[in-house]
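Breakdown of the fold
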Amino acid sequence: MIKNPQFELAKSSKLLKYLREVEKNKIYSNFGPLYLNLKKKFENKFNYKNNQIIFTSSGHSSLLAITKYLRSKTKKNYVICPSYSFYSNPLSIIDAGFKPIFVDINEKDLILNFDLTKKILRKNKDIAFIMIVSPLGHKINVSKLNDLKNKFKLPIVYDAADNFLNLEKNMIDNKIFISVSFHPTKTFGGNESGMILCPSNHAKHIKNLINFGVQKYIGFNGKFSEYDAAILLANYNQLEKRERKIRLIHGIFNKKLNHKYIFKDLNNKKSNKFMFYSEINRRKIQECLNKFKIQIFSLWSYKSMHELKIFQKYQKTTMRITNNTKKNLHTFFLNENFSLKKFNDICLKLNNLK
């Protein structure tokens, strides 16, 4: 097995000044000074009026905190979510006491099919909320998701996952729940940590939930430590440099790679991963990329969620696009240490495959 090369996290020398702050403050968890520094920095970055940011121990903790909070607000029992997603999506739904209904995706952008969603909502009045998942940092317009919330008259949980760099800024009236992951495999990664961006009137309750519930909820320990904050602050300081390299790499692929591989509606210039469609035998593609020590992988898992044994008892729509996408869409990490010439060579080798 080839180890997937990823964008590197900050060097220890960059971390040192933040670690010294932790040592000086002698506060290691429970919403300390570095947590508050990061919170202020990110809230200024996004400038969502009447919204707050809460940091968590992982992207999964973020989703679980949101789903547990929504469980406390409704007696409805079902949640619409895509099967083309990660384990965290159905697991957070089930752990909070709901039942998922798996829905197929759109062919163009690989996100939840809203036409199928409308049909389910017309028949089933027991839907608590809708979960929408961003594939590989693909930009989903938050304003449109707020419009969907108003249209469907249901809460929207947006698992932005690896989409931190694509989130819009300066929104005035965001009403949906947004979850972000800072897993080390993400374009902007840290220690395994996460973030919630939500309307301010919900923030206090969600913060309680990740702090064991504080006698008001059945909560859990999903707190973000000062060491998590130190790593994320150090990585944030080198983000602009990383973005520039990513843009150059994607520019090469979009220009040089045969158009039969390009998924123009999904690949963006702010992801450390590249997605491509191909009906060429997967083994042939992998043998080609072995020369560059690149491992292709299926997004999220080897099977879609509705195919996994533990989730097969839950309702689902037809899954034509999900199944086809799982079979023919491939992904690999972009190694920041490669020269631009090497990325040109990768394109040449892939173009010669038959």
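Description of the structure in this document. (Residues numbered from 1 in each chain as written. Predicted model: local features only at pLDDT ≥ 70, side-chain atom pairs only at ≥ 80, totals over all residues. Heavy atoms only, no water.)

Attention now moves to the nonpolar core. Inside soluble globular proteins, nonpolar side chains tend to come together where they are buried. With 95 residues, the main nonpolar core has Phe42, Phe55, Phe164, Ile178 and Met195 as its most contacted residues. If we ignore the near neighbours within four places in the chain, the residues touching Phe55 are Tyr35, Leu38, Lys39, Phe42, Phe182, Gly194, Met195, Ile210, Phe224 and Leu232. (Core = buried A, V, L, I, M, F, W, Y, C linked by side-chain atoms within 4.5 Å. Buried < 20%, exposed > 50% of the residue type's maximum accessible area, 1.4 Å probe, protein only. Contact = heavy atoms within 4.5 Å.)

Turning our eyes to something else, we now look at the pairing of strand β6 (residues 177–181). With respect to burial, β6 is a largely interior element, 5 of its 5 residues being buried. Burial along β6 is two-sided: the face carrying Phe177, Ser179 and Ser181 and the face carrying Ile178 and Val180 are both buried. In the sheet, strand β5 (residues 156–161) pairs with β6 via 4 bridges, with the strands oriented parallel. If you follow Tyr158 over to β6, its bridge partner there is Ile178. Alignment of β6 against strand β7 (residues 194–199), held across 4 bridges, turns out to be antiparallel. In the sheet register, Ser179 faces β7, and the bridge partner there is Ile196. (Helix = DSSP H or I, 4+ residues; strand = E, 2+ residues; numbered from the N terminus. Pairing = 2+ DSSP bridges.)

What follows concerns the packing of aromatic side chains. In the structure shown here, the tally under the stated rule is 29 aromatic pairs. With centroids separated by 6.1 Å and ring planes inclined at 70°, the aromatic side chains of Phe46 and Tyr48 adopt a geometry described as edge-to-face. Linked through ring pairs, Phe31, Tyr35, Phe42, Phe46, Tyr48, Phe55, Phe164, Phe182, Phe188, Phe224 and Tyr236 together constitute an aromatic cluster. When the ring centre of Phe46 is taken as reference, the NZ or CZ atom of Lys45 above it lies at 5.7 Å. (Phe/Tyr/Trp six-rings, centres within 6.5 Å; stacked < 30°, edge-to-face > 60°. Lys NZ or Arg CZ within 6 Å of the ring centre and 35° of its normal.)

This part takes up the pattern of salt bridges. All chains considered together, the criterion is met by 6 salt bridges. Between Asp115 and Lys118 there is a salt bridge, with the nearest N and O atoms lying 3.9 Å from each other. Of the two residues, Asp115 and Lys118 both sit in helix α5 (residues 114–123), 3 residues apart, roughly one turn of that helix. With a shortest N-O distance of 2.9 Å, Glu287 and Arg283 are connected by a salt bridge. Of this pair, Glu287 and Arg283 both sit in helix α10 (residues 282–290), 4 residues apart, roughly one helical turn. Of the residues examined, Glu287 reaches a relative accessible area of 40% and is grouped as partly exposed. (Salt bridge = Lys/Arg side-chain N within 4 Å of Asp/Glu carboxyl O.)

The phi torsion at Asn47 lies on the positive side, around 55°, for a residue other than glycine. Structurally, the position occupied by Asn47 is in the loop between α2 (33–46) and β1 (51–56). Although it is not a glycine, Lys293 adopts a positive phi angle of roughly 55°. Assignment of secondary structure puts Lys293 in the loop between α10 and α11 (320–328). Classification of Lys293 by relative accessible area gives exposed; the value is 62%.

Our focus in this paragraph is the packing of helix α3 (residues 59–71) against helix α4 (residues 88–95). A packed helix pair is summarised by two numbers, namely the angle formed by the two axes and the spacing between the axes. Their axes nearest at 8 Å, the elements α3 and α4 cross at an angle of 35°. In the crossing of α3 with α4, the sense of the turn from one axis to the other is right-handed. On α4, the residues that touch His60, Leu63, Leu64, Thr67 and Lys68 of α3 are Ser88, Asn89, Leu91, Ser92, Ile93 and Asp95. (Axes fitted to C-alpha atoms, helices over the stretch in contact; angles between N-to-C directions. Left-handed = near helix turned anticlockwise from the far one by under 90°.)

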